[in-house]
2 protein chains.
Amino acid sequence: VSLDPDAAATLGTVRVVGTGLLGTSVGLALSALGTRVLLSDSSPTALALAADLGAGDPDPGGVPARLTVVATPPDVTAQIVARELAADPETTVTDVASVKAGVLRRVAELGADLSRYVGGHPMAGRERSGPLAARGDLFVGRPWVICPGEKSDTTRVFDVRLLAQAVGAGAVLMDAGEHDAAVAVVSHVPQVAASLVAARLQHVTDDVVALAGQGLRDVTRIAAGDPLLWTQILGANAAPVVAELASLRADLDALIDALEEPGSVGLTQVAGLINRGNIGRERIPGKHGGGPTRYAVLTVIMPDRPGQLGRLFADIGAAGINIEEIALEHAPGRAVGLLELSVLPSAESELVETLARGGWQVVS
Amino acid sequence: VSLDPDAAATLGTVRVVGTGLLGTSVGLALSALGTRVLLSDSSPTALALAADLGAGDPDPGGVPARLTVVATPPDVTAQIVARELAADPETTVTDVASVKAGVLRRVAELGADLSRYVGGHPMAGRERSGPLAARGDLFVGRPWVICPGEKSDTTRVFDVRLLAQAVGAGAVLMDAGEHDAAVAVVSHVPQVAASLVAARLQHVTDDVVALAGQGLRDVTRIAAGDPLLWTQILGANAAPVVAELASLRADLDALIDALEEPGSVGLTQVAGLINRGNIGRERIPGKHGGGPTRYAVLTVIMPDRPGQLGRLFADIGAAGINIEEIALEHAPGRAVGLLELSVLPSAESELVETLARGGWQVVS
C-alpha cells in the first residue's frame, strides 16, 4: 500500500547479500517497484528460492550498485560489510543486523571505508525465517532505524533513507549506542522474559498446562523464537541487555524478599511493582503511533463454522462502523469462539444496536 | 451457548456473596437460566448495579439456599465462607478465590463446618473488574477448578460441579496445594514477568517506546492488571510463587553470567535457555483443548476504513473456509492494518485463491 516507486527509481541497482527473511523481503519489495536487484547468498538453495520468488536476479559479480544491503546472520555482518565496501568502490553499504554498535566497531577495526557505511535496523520480523517467509510488504509502516557513524557521508545516509522509504518503512535516525540500549528494553529483555516464563512449563504435568489462559499465551508467544538467531542477538548486545537484566533482577529480588516478608511491608512492595508495571505498560504507543487509546470492547459468541465471521462483519460494515482491534479466542475443549471487537467509545452504542439487530449473542 | 438449564434447575436457590466481576457473572448466568439468585455485597452501589443488570435479587436474609458462592476479594474470603457456613446450616459453600490452600486452612482455623465447604476457582477473568464488566457467558468453556478438602462431603462436591456445569464451565478436580502450585506457574509468574518487563518502560524516552513492536505488547499486556487484586493474589500464594520465582531467578542469574562470559561457553548457555523456552511454549494446549495446532498463516493488507473486514469475511464465508485464528495488527503511524488469518493447512490453497479472486493484497 505504501511502497514508494519514486524512491525505488532514484535508488537504481541494489545489491542484496543474504537472502533470508529480511534480504528476500527487501528484494521482493524493490523488484516489485521495478528496481534491479542483484542477489547473493552462501547457500545456493536459499539464493535459488529467493530468485524464484521474484526477489531479484543472482548477482553475476562486478556490476556496480548504488546501494548494497547486507542481510546475513549478525555474527558475520561486519565482515561481509567490509568485504562489500572493498569490492565495489562506489557503493553505499548498509546492513539489517538488530544490534548496531558492535558492527560499526568491527567494521572500523577491519579498516573499511567508514564514509560509505551506514548501519540500519528494520524493526520487522516474523516468527518464521528464511526466504519462504519473506514478504514484499514486511516493512510497510514499520520503523527502520538508521545509525550513521561519525564518519558516514550525508549522501550515504540519504541512500539508506531512500531504501526505507521505497519499502514503505518510517526512517528513524539514532546513534548506534542509543539504538542498542533501546532494543535491549523493547525487544531483547521481553524475549528473555518470555523464555524464562516458558522454560518453567517444561517439566510440569499436563494437568497444569491445561489451566493455561490467554495471559500465559501472550507472555510466552515470542518464546517460540529461533534459538540460534536469538543467541547471536543477545550475544551481540550483551552489555546493554545485561544492564537491563540486572535492573530487572533487582526488582525480582525485591519482590521475592517482599513475598517472603509477612505483613503489610511486603505487600506494599508487591503493589509497588505491579503499579510500576501499569505505568510502564501505559507508555506503549497505541494504534497509528499515537498515545495508548482506550477502546470500548464488546464480546460476541461465535459458532465455529464457516460464514459466521462473514455474516458478522457484513453487518458491521453495512452500519459503517470501523473496528479498531479484533481478538478471536477459542474456548478450550469446545467448538465455539469468543470474538472481542474494539471500537472507539463514540461508536460503541451503534455497534451494540447493530449486533442486536443481527441477532448476535453479545455482552458488553 | 452452553449454559446448562438442567444443572441450574437442579441447583435451586443460590446465594451469591460479593457482586464484583465473578459474583455478578455467576448471577447473570444462573438468573438467565431461571435459577433464583440472592445477591449481597458490602457496597450498596455494587449490589444495586448487579441486581439492575439482572444478576438476581438483593438477599432479604434468612432464605435457605442449596449453594452459597462467596465471590469477595481474596483477603476476606475465608472469613465470609465461615460466616455463611454458620448462617445457613444446610447450605453448601464454595468460593472463587484464585488461591486455595490458604482459604481452606483459615476456614478450618475458624472452626467452621468443613464438610459443607468445597473451594473453587473459575479460570476466567478480564482486564476490567466490577459488576459492569460481568458477563453471563464469562465461564463458558473455561476450566473451573474444584478443590475439595479432606472433610468435604461428596454431595457438597457435586453441588459445586452442578454450578460449574450450569454456567458452561469444565469442572477440574484438584488438590488445593496442587492447584496453588499450578496457578503459580501458569498465571502468577507470567503476571510478575509482565510487570517486571513493563516496569522497565517507566523511565525510557518516547523515542525508545516508539520502537515497541508486537512482541513487547504481547509480553506486557497483562501488566495492566489491578495492583490491589494482584497484591492480594501474590500475597495469598506467596510460597508457591516464591518457589517458582527462585527457579526463574536461577535461570536469570545463569543467563546474566553467560552474557558476561565472552566466547562459546556463554553462548551455549544462552542458546540453552531460548531452547528450553521453545520446548515449554510448545506444551501450551491449542484451540479446542487439543495439542498445539500448526496453522497456515496468510497476511492481508487492510485499508483502515469501514466495510473492509465485512467484504473480506463475506468472500471467505462464501468460499466455505473456516478461519481458526485472527490477528489484526496496525502499522504504527499509518492508517493501514495487517490482518493475519490462520487456517488449517488443508484450507490454505483455497484461501489463497479466494483472496486473489477478491483482489486482496496478500502474501503467504
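Let me begin by describing the structure that accompanies this report. (Residues numbered from 1 in each chain as written. Chains lettered and ligands numbered in written order. Predicted model: local features only at pLDDT ≥ 70, side-chain atom pairs only at ≥ 80, totals over all residues. Heavy atoms only, no water.)

**Description of the side chain of B:D218**
Within the secondary structure layout, B:D218 lies in helix α9 (residues 214–220). If sequence neighbours within four positions are ignored, B:D218 has contacts with A:D218, A:V219 and A:R221. (Helix = DSSP H or I, 4+ residues; strand = E, 2+ residues; numbered from the N terminus. Contact = heavy atoms within 4.5 Å.)

**Some thoughts on helix α2 (residues 21–32) of chain A**
Each α-helix winds once per 3.6 residues, and so residues spaced three or four apart point in a common direction. Residue and element names in this part refer to chain A. If you check α2, its first and last C-alpha atoms are 16 Å apart, about what 12 residues at 1.5 Å a residue would give, namely 16 Å. For α2, a buried count of 10 out of 12 residues is recorded, marking the element as mostly surrounded by other parts of the structure. Burial in α2 covers these residues: L21, L22, G23, T24, S25, V26, G27, L28, A29 and L30. Tucked into the core, α2 has its buried residues touching α1 (5–11), β1 (14–17), β2 (37–40), α3 (44–53), β7 (143–148) and α6 (154–166). (Expected span 1.5 Å × (residues − 1). Buried < 20%, exposed > 50% of the residue type's maximum accessible area, 1.4 Å probe, protein only.)

**With respect to the interface of chain B and chain A**
Across the contact, 130 residues belong to chain B and 131 residues belong to chain A. Across the chain B/chain A interface, buried area totals approximately 11,500 Å², and carbon plus sulfur atoms make up 65% of it. When the area that chain B buries against chain A is broken down by residue, the three leading residues are B:R200, B:L211 and B:R283, summing to 7%. Put simply, chain B and chain A have 12 salt bridges between them. Scanning the region where chain B abuts chain A turns up 28 residue pairs in polar contact (both at pLDDT 80 or more). Counting residues per element, the side of chain B that touches chain A draws most heavily on helix α11 (residues 238–260) of chain B, which supplies 16 residues. Partitioned by chemical class, the residues of the side of chain B that touches chain A number 71 nonpolar, 31 polar and 28 charged. (Buried area = accessible area lost by both parts, 1.4 Å probe. Salt bridge = Lys/Arg side-chain N within 4 Å of Asp/Glu carboxyl O. Polar contact = N/O pair within 3.5 Å; in protein donor to acceptor, adjacent residues only side chain to side chain. Nonpolar A, V, L, I, M, F, W, Y, C, P; charged D, E, K, R; others polar.)

**Overview of the pairing of β7(A)**
Residue and element names in this part refer to chain A. Most of β7 is tucked away, with 5 of its 6 residues classed as buried. The pairing of strand β6 (residues 118–122) with β7 spans 5 bridges and is antiparallel. Its bridge partner lying in β7, H121 is registered against V145. As defined by bridge partners, β7 adjoins strand β8 (residues 170–173) across 4 bridges and the pair is classed as parallel. Residue pairing for β8: P143 is matched across the bridge by G170. With α6 bridging β7 and the parallel β8, this β-α-β connection has right-handed handedness. (Pairing = 2+ DSSP bridges. Right-handed = clockwise from strand over helix to strand, strands pointing away.)

**Let's talk about the packing of aromatic side chains**
As enumerated under the stated definition, the model contains 3 aromatic pairs over all chains in all. Judged by centre distance (5.1 Å) and plane angle (55°), the rings of A:F139 and A:W144 are tilted. Judged by relative accessible area, A:F139 falls into the buried class, the value being 1%. On the accessibility criterion, A:W144 (0% relative accessible area) is buried. Taking 4.8 Å as the distance between ring centres and 25° as the angle between the ring planes, the aromatic pair formed by A:F313 and B:F313 counts as stacked. Of the two residues, A:F313 is situated in helix α13 (residues 308–318) and B:F313 in helix α13 (residues 308–318); the pairing between them involves two chains. In this structure B:F313 comes out as buried when scored by relative accessible area, which is 1%. (Phe/Tyr/Trp six-rings, centres within 6.5 Å; stacked < 30°, edge-to-face > 60°.)

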